[in-house]
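Reading the structure
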Amino acid sequence: MSFKKKILIRIGSLRHGGAEKVLVTFLKSLQKDKYEIDLLLNLYSGKYLKDVPDWINIIYLNKGEMITTNRLQDLPKKAARVIYQKALNKFPNFLYKGKLKNKKYDIEFAAIHGMRDEILNSPLKSSKKIVWIHNDLSEVKGYTNDETKKFFGFDKIMVISEKIEKLFQNLAENETEKQKIVKIYNPLDTEEIIKKSEDGSQKPEAGIADYHQDIQHPTSSSSHPAPTFISVGTVFPQKGFDRLLKVHKKLLDEGFQHQILIVGDGYDFENIKRLKTELKVDDTAKMLGFTDNPYPYFQKADFYILSSRYEGFPTVLFEAITLKKKIIATDVSGVREMLNDGELGLIVENSEAGIYEGMKKAITDKSFFDPHLAKLSQAEMPFTLENSVQKITSILDSL
């Protein structure tokens, strides 16, 4: 019988975020005869749970839905979860002897930067430790240079874009630390994206109307139908959906007819929904919640827009590139790399003014995106799913 590497992977939950989707895509591509994997979740929750291969052992600290509100009846449960997790962080031996049954792991893997301390404080001194950085930490609150340097406690630091790679290269104090940094593009199944985009039979989840009805192309004052802009992502402040709606309102007030479609869910969902009503744009902006398959929406829309305040490497842009969409994106980490410095899409200033100029250009200049589409038609993806998985597994195998 061949030796299987024992690996512990830690992440908060498997909710509908980019890092979670990427992790599950990676896990689905692994060979089960090579690894023995325990996936430890802080919360047994999320849309991607059902996609985890059945040979992977899921362990969790708490079960149930994420509590994102501060309603009185939810506070005791919320507090109990926090106290329990903090206690296990402070006394990790209890976790390793109890939940993890004294198992000796070869590799411990923080699947997001937020799991840094949990992995570095492991009582297993002999295990090799890896972290996967999905965000530009220079934009994330609380990550000073000193705080970010703590990641050099890992044996390998996997980063997903040139900007994040440069951040760590600049902070590295010697060649040993530099050798720890590895840039790996996120695993993304482009064939699956194209196949799903053509799936007109798939019914989006309950509560989401049929996409054929959602994108109606209302006619503007000219003879052209009003364009639809789609944005897909977890609904929280980082994604800038508030900026997108404010720009949408401004353009409508100036007579530029168009529609907005936001696909995704998250703790800021109700706030953004409320803003949409306050701006009186409920008829022209739709929030569809989460769906397993957003790609038919991509296909029906005229433009993909990324309104993010910061990113690491917005995987959703690769999905838009794969589906050959006209793209507008704020100038955040990963965007210049992905859009080939503006060849494959329009890169705008990271501000409301930038988003406004980009959307106005899209509405008023019908031929502006023709050169981008010509480049997109020939664009080769800078990676394949196989290459990304092979690169990550080679790290696992070498440690």
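Residues numbered from 1 in each chain as written. Predicted model: local features only at pLDDT ≥ 70, side-chain atom pairs only at ≥ 80, totals over all residues. Heavy atoms only, no water.

Focus on the pattern of salt bridges
Our working definition: Any Lys or Arg side-chain nitrogen located within 4 Å of an Asp or Glu carboxyl oxygen qualifies as a salt bridge. Partly exposed residues are those whose accessible area sits between 20% and 50% of the maximum for their type, while under 20% is buried and over 50% is exposed, using a 1.4 Å probe and protein chains only. A run of H or I in DSSP counts as a helix once it spans at least four residues, and a run of E counts as a strand once it spans at least two, with each numbered from the N terminus.
Scanning the model with the defined rule gives 22 salt bridges in all. The closest approach of N and O atoms between Asp117 and Arg116, which form a salt bridge, is 2.7 Å. Here Asp117 falls in the partly exposed class, since its relative accessible area comes to 37%. Glu311 is the partner of Lys239 in a salt bridge, and the nearest nitrogen-oxygen pair spans 2.7 Å. Of the two residues, Lys239 is situated in the loop between strand E8 (228–232) and helix H10 (241–253) and Glu311 in the loop between strand E11 (303–306) and helix H13 (315–322); the sequence distance between them amounts to 72 residues. On the accessibility criterion, Glu311 (5% relative accessible area) is buried. One network of salt bridges, with partners in common, ties together Arg116, Asp117, Glu147 and Lys150.

Structural notes on the sheet that holds strand E1 (residues 5–11)
Strand pairing in a sheet takes place through backbone hydrogen bonds and is either antiparallel or parallel in direction. Applied cut-off: At least two bridges found by DSSP between two strands is the condition for calling them paired. Angular values range over 0 to 180 degrees, each being the angle between N-to-C directions of two axes fitted as lines to C-alpha atoms, with helices fitted over their stretch in contact. Between two residues, a contact is recorded if the distance between any of their heavy atoms is within 4.5 Å.
One open sheet holds the 7 strands; their spatial order is E3-E2-E1-E4-E5-E6-E7, and the pairing between them is parallel. The sheet is open, and its two edges are formed by strand E3 (57–63) and strand E7 (181–183), each paired on a single side. Pairs of neighbouring strands in the sheet enclose a mean axial angle of 20°, with direction left out of account. As paired strands, strand E6 (residues 156–159) and E7 are joined by 3 bridges and run parallel to one another. Directly across from Val159, in E7, lies its bridge partner Lys183. Seen against the sheet, helix H17 (residues 385–398) touches E1, strand E2 (35–44), strand E4 (107–110), strand E5 (128–133), E6 and E7 and runs at an angle of roughly 125° to E1.

What to know about the pairing of E6
Of the two faces of E6, the one lined by Lys156 and Met158 and the one lined by Ile157 and Val159 are each fully buried. Bridge analysis of E5 against E6 gives 4 bridges, and the strand direction is parallel. Bridged to Ile130 within E6 is Lys156.

Some thoughts on helix H6 (residues 162–171)
In plain terms, the rule: The directions from the helix axis to the C-beta atoms are what the arc is built from.
Every buried residue belonging to H6 is among Ile164, Leu167, Phe168 and Leu171, and all of these are buried. End-on view of H6: buried residues confined to an arc of 90°, all on one side of the axis. For H6, the exposed residues set more than 90 degrees away from the buried face come down to Lys166 and Asn170. Buried positions along H6 lie against E5, helix H5 (145–149), E6, helix H7 (175–179) and E7.

Let's talk about H17
Applicable threshold: Given the number of residues in a helix, its expected span is that number minus one, multiplied by 1.5 Å.
Taking 1.5 Å per residue as the helical rise, H17 with its 14 residues ought to reach 20 Å, and the 20 Å between its terminal C-alpha atoms agrees with that figure. Inspection of H17 places Leu385, Ser388, Val389, Ile392, Thr393, Ile395 and Leu396 among the buried residues, and these make up the whole buried set. Buried residues of H17, viewed axially, fall in a sector of 150°; they line one side. Among the exposed residues of H17, those pointing more than 90 degrees away from its buried face are Glu386, Gln390 and Ser398.

Looking at the packing of aromatic side chains
Inclusion rule: Pairing of aromatic side chains here covers Phe, Tyr and the six-membered ring of Trp, requires ring centres within 6.5 Å, and sorts the geometry by plane angle: under 30 degrees stacked, over 60 edge-to-face, intermediate tilted.
Counted under the stated rule, the structure contains 18 aromatic pairs. Arranged with centres 6.3 Å apart and planes meeting at 20°, the rings of Phe151 and Phe154 form a pair that is stacked. On the basis of relative accessibility, which here comes to 0%, the residue Phe154 falls in the buried class. Seen in terms of ring centroids, Phe229 and Phe303 are 4.9 Å apart; in terms of plane orientation they differ by 20°. Their pairing is stacked. With a gap of 74 residues between them, Phe229 in strand E8 and Phe303 in strand E11 connect regions that are remote in the sequence.

A few points about the packing of H10 against helix H11 (residues 269–278)
Here is the rule: In these notes the angle categories are as follows: under 35 degrees is roughly parallel, over 145 is roughly antiparallel, 65 to 115 is roughly perpendicular, and the rest is oblique.
Interhelical geometry of H10 versus H11 gives an angle of 10° and a closest axis separation of 10 Å. Here H11 runs roughly parallel to H10, going by the angle between their axes. Of H11, the residues touching H10 (which contributes Phe241, Asp242, Leu245 and Lys246) are Ile272, Leu275 and Lys276.

Structural notes on the confidence of the model for the protein chain
Rules: In predicted models, pLDDT denotes the confidence assigned by the predictor to each residue on a 0 to 100 scale.
For the protein chain, per-residue confidence averages 88 on the pLDDT scale, and residues scoring 70 or more make up 90% of the total. Contacts from residues 202–215, a stretch scored under 50 in pLDDT, to residues over four places away or in other chains number 36 contacts. Between residues 217–222, whose pLDDT stays under 50, and residues either more than four places distant or in other chains, the model counts 14 contacts.

Digging into the sheet that holds E8
Taken together, the 6 strands give an open sheet; going across it, the order is E10-E9-E8-E11-E12-E13, and neighbouring strands pair in parallel fashion. In the strand order of this sheet, the two ends are held by strand E10 (285–287) and strand E13 (346–348), each with one partner. Across this sheet, the average inter-strand angle for adjacent strands is 20°, counted without regard to direction. Here strand E9 (residues 259–263) pairs with E10 via 3 bridges, running parallel. Paired with Ile262 across the two strands is Met287, which belongs to E10. Here H10 sits on the sheet and contacts E8, E9, E10, E11 and strand E12 (326–330); the angle it forms with E9, its principal contact strand, is near 165°. Sitting on the sheet, H13 is in contact with E8, E11 and E12, with an inclination near 165° to E11.

A look at the pairing of E4
Residues Ile107 and Phe109 line one face of E4 and the alternating positions Glu108 and Ala110 line the opposite face, and both faces are buried. Taken together, the 4 bridges between E1 and E4 define a ladder with parallel strand orientation. When the bridges of E4 are listed, Ile9 appears paired with Phe109.

As for the side chain of Asp136
Filter applied, for reference: Any N or O atom pair separated by 3.5 Å or less is treated as a polar contact, with the protein-specific requirement of one donor-capable and one acceptor-capable atom, and with residues adjacent in sequence counted only for side-chain atom pairs.
Positionally, Asp136 belongs in the loop between E5 and H5. Residue class for Asp136 comes out buried when judged on its relative accessible area of 1%. For Asp136, the side chain forms a polar contact with the side chain of Ser138, separated by 2.6 Å. At 2.9 Å, the side chain of Asp136 forms a polar contact with the side chain of Lys163.

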